[in-house]
Amino acid sequence: MHIRIHPSILAADFANLEAAVGDVEAADAVHVDVMDNHFVPTLTFGPQMVQRLSEVSPVPLDVHLMIANADDHAAHYAELGAESVTFHVEAATDPQAVIDSIQSHGARAGIAIKPGTPLEPYLPLVHSADLVLIMTVEPGAGGQSFMPEMMPKLLALHRYLGEQGLSPLVQVDGGITVETLPIALTHGADTFVAGSSVYGHGIPGDNIRALREAATKGEA
Ligand code: DX5
Ligand code: ZN
């Protein structure tokens, strides 16, 4: 099975983001955490940064919006060249309309679910979403510990997708390392966001290869 590794530049050097995206050519996409100091306490990147990164990155951009009022803002990130745009269902009044709007701009539409948010009310949306993100930390900061208590939610999603014959990407984000990636993999994830474990030490390309290797072992 092909697994996808999406390094999160939240853990990279903000003074040198062009080099940071250049360092992860071995990745499937670069994960860009857009935070608005409202939906989450932190403030990070906005549309201009996403547009510029899309111009210089050797791999596509996976934009993770942690912003309020996704209804009004999500589609714009698709227009700027992101390959996928994921928004939090908690931050949209009409999540189905947001999915439709992102897709109408030619990007994959993702829905994200925070640790405290149940999956069941949002299952109708996974029929049209291209990506479903189960958060494995509370959104807002990198470097937190993986929450194994999210694995039942991930497995429930995996089983539902199987029953319904659906195949969106199933992404996990938060605390993904060579130790935790195989756990999420066995519960149905195929797309892994990794910030600290890619940019926090050593050489990013080597760290990506180590994560892929860990996945091979997890499958055995
Ligand atoms: C957290 C962000 C994550 C973060 C992950 O709110 O959504 O993408 O960068 O960082 P690590 O991999 O360090 O947990
Ligand atoms: Zn993220």
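Look up a bit, the structure's there.
Residues numbered from 1 in each chain as written. Chains lettered and ligands numbered in written order. Predicted model: local features only at pLDDT ≥ 70, side-chain atom pairs only at ≥ 80, totals over all residues. Heavy atoms only, no water.

> Help me out: how do you make sense of the site of ligand 1 in this one?
Neighbouring residues of ligand 1: 20 residues in total, closest S8, G140, D173, G195 and S196. Here an oxygen atom of ligand 1 sits 3.3 Å away from a polar atom, N or O, in the side chain of H31. S196 places a side-chain nitrogen or oxygen 2.5 Å from an oxygen atom of ligand 1. In isolation ligand 1 exposes 380 Å². Once the protein is present, 99% of that is buried. For the shell around ligand 1, the elements supplying multiple residues, two or more each, are β2 (30-35), β3 (61-66) and β8 (191-194). (Near = heavy atom within 4 Å. Polar contact = N/O pair within 3.5 Å; in protein donor to acceptor, adjacent residues only side chain to side chain. Areas by Shrake-Rupley, 256 points an atom, 1.4 Å probe, with all protein chains shown as cover. Helix = DSSP H or I, 4+ residues; strand = E, 2+ residues; numbered from the N terminus.)

> Where do I start with the pattern of salt bridges in this structure?
Side chains that differ in charge, positive against negative, can pair when their charged atoms come close. In this structure the tally under the stated criterion is 5 salt bridges. Measuring nitrogen to oxygen at the nearest pair gives 2.8 Å for the salt bridge that ties R52 to E55. Highlighted residues: R52 and E55, both in helix α2 (residues 47-56), separated by 3 residues, approximately one helical turn. With relative accessibility at 46%, the residue R52 sits in the partly exposed group. For the salt bridge of D206 with R209, the shortest nitrogen-to-oxygen distance reads 3.3 Å. Here the residue D206 and the residue R209 both occupy positions in helix α8 (residues 204-219), the gap between them amounting to 3 residues, near one helical turn. A relative accessible area of 48% means that R209 is categorised as partly exposed. Salt bridges sharing partners connect three or more residues here, namely R4, E83 and R108. (Salt bridge = Lys/Arg side-chain N within 4 Å of Asp/Glu carboxyl O. Buried < 20%, exposed > 50% of the residue type's maximum accessible area, 1.4 Å probe, protein only.)

> I would appreciate a short explanation of the sheet that holds β3 in the present structure.
Paired through backbone hydrogen bonds, the strands of a sheet run either parallel or antiparallel to each other. Pairing is parallel across the open sheet formed by 8 strands, whose spatial order is β1-β8-β7-β6-β5-β4-β3-β2. The strands lining the two open edges of the sheet, one partner per strand, are β1 (4-7) and β2. On average, adjacent strands in this sheet sit at an angle of 25° to one another, irrespective of strand direction. Relative to strand β4 (residues 84-88), β3 runs parallel, the two sharing 4 bridges. Across the sheet, the residue bridging to V63 is V85, located in β4. Across the sheet, helix α3 (residues 70-79) touches β2, β3 and β4, and the angle it forms with β4 is around 165°. (Pairing = 2+ DSSP bridges. Axes fitted to C-alpha atoms, helices over the stretch in contact; angles between N-to-C directions. Contact = heavy atoms within 4.5 Å.)

> Even after reading the chapter, I still don't get helix α4 (residues 95-104), so can you show me in this structure?
Buried within α4 we find P95, V98, I99 and I102. Down the axis of α4, the sector holding all buried residues measures 100°, keeping them to one side. The elements touched by buried residues of α4 are α3, β4 and β5 (108-113). Once α4 finishes, G106 follows within two positions and takes phi at roughly 85°, a positive value. (Arc of directions from axis to C-beta.)

> I keep staring at unusual backbone geometry and nothing clicks. Help me out?
Trans is the prevailing form of peptide bonds, just as negative phi is the prevailing case for residues other than glycine. Notably, N37 is not glycine yet its phi reads approximately 60°, a positive angle. Looking at where N37 falls in the secondary structure, it is placed in the loop between β2 and α2. Look at N69: it is not a glycine, yet its phi comes out positive at around 55°. Within the secondary structure, N69 is located in the loop between β3 and α3.

> What am I meant to see in the coordination of the zinc ion (ligand 2) here?
Ideal coordination angles are 109.5 degrees for a metal with four donors arranged tetrahedrally and 90 or 180 degrees for a metal with six donors arranged octahedrally. Distances from the zinc ion (ligand 2) to its protein donors, namely H31 (NE2), D33 (OD), H64 (ND1) and D173 (OD), fall within the range 2.1 to 2.3 Å. Note that the zinc ion (ligand 2) binds 6 donor atoms; their angles at the metal cover 72 to 172°, and the shape is octahedral. Counting residues between consecutive donors of the zinc ion (ligand 2) along the chain gives the motif H-x1-D-x30-H-x108-D. Taken together, the positions of D33 in strand β2 and D173 in strand β7 (residues 169-173) put the pair 140 residues apart, joining distant regions of the chain. The pair formed by D33 and D173 is uniform in burial state, with each residue classed as buried. (Donors = N, O, S within 2.8 Å, 3.2 Å for Na, K, Ca; no water. Tetrahedral: all angles 85-135°; square planar, octahedral: opposite > 155°, others 65-115°.)

From the geometry alone we can't say anything about function, so treat these as descriptive.
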